[in-house]
Amino acid sequence: MATATVENINKGRSKIHPQKFALIIGCASMMMMFVAFTSALIVRQAQGNWLEFNFPSIFNYSTIVIVVSSLTMHGAYFAFTRGSEFFYKALLITTAILGMVFIYLQYQGWLEMNADGIFLDGNPSGSFVYVITASHAGHLLAGISTIIMALLHAFILPYKVTPRRKHRFQLVVWFWHFVDFLWLYLFVLFLAAY
Amino acid sequence: MADTGTITAPQKYNEETLIEELGYDDHFHDHHHGDKYQSSFIFHYIFSMDHKMIARQFLITGMFWAVIGGLMSLVFRLQLGFPEESMAWLKPILGGWITVNEAGIGTLAPEFYYALVTMHGTIIVFFVLTAGLSGTFSNLLIPLQLGARDMASPFLNMLSYWFFFSAGVVMFLSLFLSTGPFSGGWTAYPPLSALPQASTGSGAGMTMWSFSMVLFVVSVLLGGINYITTVLNLRTKGMSLWRMPLTIWAFFVTAIIGLLSFPVLVSGILLLILDRELGTSFYLSEIFIGGSALDHVGGSPILYQHLFWFLGHPEVYIIILPAMGIVSEVLSVHARKPIFGYKAMVYSILAIAFLSFIVWAHHMFMSGVNPFISNFFVIFTLIIAVPSAVKVFNWIATLFGGNIRFTAACLFGIGFVSMFISGGLTGIFLGNSAIDVQLHDTYFVVAHFHIVMGIAAFFGMYAGVYHWFPKMYGRLMNETLGRIHFWGTLVGAYAIFWPMHYIGMAGVPRRYYSFDNFQAFAHFDMINKFITVAAIIVFALQVLFLINFFYSIWNGKKLTTKNPWKASTLEWTTPINPGHGNWPGRIPTVQRWPYDYGKGGNDYISQITPEQEWEREYDEAH
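Being a predicted model, the structure only gives us computed values, none of them experimental.

Scoring rules and cut-offs
- Residues numbered from 1 in each chain as written.
- Chains lettered and ligands numbered in written order.
- Predicted model: local features only at pLDDT ≥ 70, side-chain atom pairs only at ≥ 80, totals over all residues.
- Helix = DSSP H or I, 4+ residues; strand = E, 2+ residues; numbered from the N terminus.
- Buried ≥ 20, exposed ≤ 12 C-beta atoms within 10 Å, placed from the backbone.
- Contact = placed C-beta atoms within 7 Å.
- Expected span 1.5 Å × (residues − 1).
- Arc of directions from axis to C-beta.
- pLDDT = per-residue confidence, 0-100.
- Axes fitted to C-alpha atoms, helices over the stretch in contact; angles between N-to-C directions.
- Parallel < 35°, antiparallel > 145°, perpendicular 65-115°, else oblique.
- Left-handed = near helix turned anticlockwise from the far one by under 90°.
- Nonpolar A, V, L, I, M, F, W, Y, C, P; charged D, E, K, R; others polar.
- Domains from an automatic or database assignment.

(A) Layout of the overall build of chain A. Helix and strand counts for chain A come out as six helices and zero strands. Taken from N to C terminus, the helices and strands of chain A fall in the order α-α-α-α-α-α. By principal-axis analysis of the C-alpha atoms, chain A measures approximately 60 × 35 × 25 Å. Relative to its 194 residues, chain A shows a buried fraction of 35%. Here the contacts in chain A between residues at least 6 apart in sequence split such that 80% fall between residues at least 24 apart.

(B) Region of the structure containing the interface of chain B and chain A. Each partner contributes to the interface: chain B provides 44 residues, whereas chain A provides 32 residues. Elements supplying a minimum of two residues to the side of chain B that touches chain A: helix H7 (154-174), helix H8 (204-233), helix H9 (246-277) and helix H10 (301-335) of chain B. The dominant element in the side of chain B that touches chain A, judged by the number of residues it contributes, is H9 of chain B, at nine residues.

(C) Structural view of helix H11 (residues 342-356) of chain B. All names here are of chain B. Here H11 spans 21 Å end to end across 15 residues, near enough to the 21 Å set by a 1.5 Å rise per residue. Those residues of H11 that fall on the buried side of the exposure criterion are Tyr342, Met345, Ser348, Ile349, Ile352, Ala353 and Ser356. Viewed along the axis of H11, the buried residues span an arc of 135°, placing them on a single side of the element. At its buried positions, H11 is contacted by H9, H10 and helix H13 (385-399).

(D) Seen up close, the confidence of the model for chain B. Chain-level statistics for chain B give a pLDDT mean of 91 and a share of 96% at 70 or above. In the model, residues 1-11 of chain B has pLDDT below 50 throughout and makes 22 contacts with residues more than four positions away in sequence or in other chains.

(E) Seen up close, the packing of H10 of chain B against H13 of chain B. All names here are of chain B. Packing of H10 against H13 leaves a shortest axis separation of 9 Å and a crossing angle of 15°. The angle between H10 and H13 places the two elements in the roughly parallel class. Seen along the crossing, H10 lies across H13 with a hand that is left-handed. Each of Met324, Val327, Leu331, Ser332 and Ala335 in H10 lies in contact with H13, whose residues at this interface are Lys391, Trp395, Thr398 and Leu399. Of the residues that constitute the contact of H10 with H13, the class distribution is six nonpolar, two polar and one charged.

(F) Highlighting the environment of phenylalanine 406 of chain B. For phenylalanine 406 of chain B, the location among the structural elements is in the loop between H13 and helix H14 (408-431). Linking phenylalanine 406 of chain B and histidine 334 of chain B, residues 72 residues apart in sequence, is a C-alpha distance of 7.4 Å.

(G) View of the domain arrangement of chain B. Residue and element names in this part refer to chain B. Looking at chain B, the domain boundaries give domain 1 (1-23 + 557-622), domain 2 (49-286) and domain 3 (363-555). Relative to domain 3, the C-alpha centre of domain 1 lies at a distance of 36 Å. Taken together, the contact pairs eight residues of domain 1 with six residues of domain 3. Counted by class, the side of domain 1 that touches domain 3 contains four nonpolar, one polar and three charged residues.

Next up, the structure:
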């Protein structure tokens, strides 16, 4: 009903779909939340009394995992549009698994920090890493839940490339790329700060 | 060339036939939808997804909060104006917050005074002037003035209202806590907000405050995503960006500001919650409380202030820009003149929006910010005076020589300009860090921001309510009561806040519960009494407005024409009581900009009227 209205209005126009546009704007506002966290980190670091510690090396691996997952995600989308049902499903599952592996690696990273005596409630230098990575993991979990929705579509619905399914899949792909890009931004910043 | 207007263009066309001939068919009624969720009471009035219903929900919820916030200000004004009088008569309402001694004299508990001030600020800033103003009019006008059937996502729109409602429920419940609502100021600075033991309200009250604010931010973000998407994607044919009414420009830019600044508040509050609940040290350091140092190490309370004011300053433009847009539209319609300097108005909105992000630290001149960094913020703060002055000049130029109809809506529009000038000028004082150090913690600041963003925004809101009430309810509000409401409020508002400038310059500090122990301020007691009496009268006048509003919903004069104000924008081409989808048949297409008033001798030319041949000559000649 509601979406029908939107699609009617947009019929015959080359404009970007409103839902996609809304997703981009939503991502911009999520980005601002992390910009706030990271600016707070930079400002706080400049004030001194800042505990230096070894940034967990496991985050390097999680970075590789999430970059690869973005590639497999895009591969799944290409396979979907080009009519390759097997690769579509296989790559989508791979992406979901890589996403979960990423969360697991982040958890290992927190354990590594914990083992080094860097706790959530210690010097803010450690707290920032916990808070920022956990907030990112929250967004990534939201991304995984959208992939699960896409998986349900892939395995329950008969395989068929329709504009509507393409559009829905694109929303999932775009959001996944966003959380991937977000992590790269955070990772580079962590490397610079620690 | 002034006589070229003898050809009377609009009469040739009938608006009905114009929409039929030039409108485009989006097959809206070929599909079976829409009325499904309008058919029952619950989905029509409560979980509505129709933007017009959601707008009314925002407005009436905003009114509820305005009454609560206003009554709170009366209670603390009574304390300030008449500290010796007994408040025992408030005992039935305020309960334990009034302590009555053996002689029967009731006094307001000092902690509750601070809770009242805090809640008054939080409620009016966020629930009334953000949700009640931008939520109401963005929802009502964006689809109607752009020629859209509804918002981009009616479902998210409904969620936006219900998140706002839930935020309100949490905040309302916090008023009934035995320890009271949060009482550390609406800005919730740590350590008062970060330490549960700091004051009575800092425990459960603060927990509920932060939870409520997070819900509120979700509401603003969902709303904002919708507003921006609708403006950029769902405009009807011919509605280019430069043909949008200034209201839409204002709501659009407001939504962008909100979307970029509110997430920063969430970050700030999230770190605050972690400091409170999990013992992190973002804002708390080893300060001494009750003789011993806290466990926290290395936190910086200034960090919170940066994060808070990065939202907080754009927030004042989130409040004032919609009011500016409404006033631009209302003044143009009721002065029967095109808005003066349309593009300058748009560019000044954009300039204000940009500058709003780089001036936040002017709220922190007293917080120990480096004076050299302060200079940067001083300069950009003062530059805001430029686009603001452009807007004021254009409003006055729009009124100048106009055939002004002094309706209640128009009067409130003019009142807005007056308030904005009065409050804006004192902003130039306060923007200078050197003067701000003297004035910051006095009533001068209270007077400044109440006039420029409190009263002015309320005036913009009233102008909008009186102007668009016919569109909301198909009836008119009582004009006589509206004018009494305006003149009383205008005089009364100046009576409240003008004297505050004097006592502020004399150094009377704000936030004080009582001045009994300060001989230096004793001779201001008459001024304080005067302010309190004026505040009570002004509040009574707002009750008059509410009576007028609710009486008119059911008993106001019924509209006999679709376009009572003879305005040229699209919302007045819809039926008197537009159903779901706004236009019963085709969607109108837009042929011209929205401010063709008095062109070539025509009173107004609707946006749906195509350009006439005489106009080409006329435009060249003018």
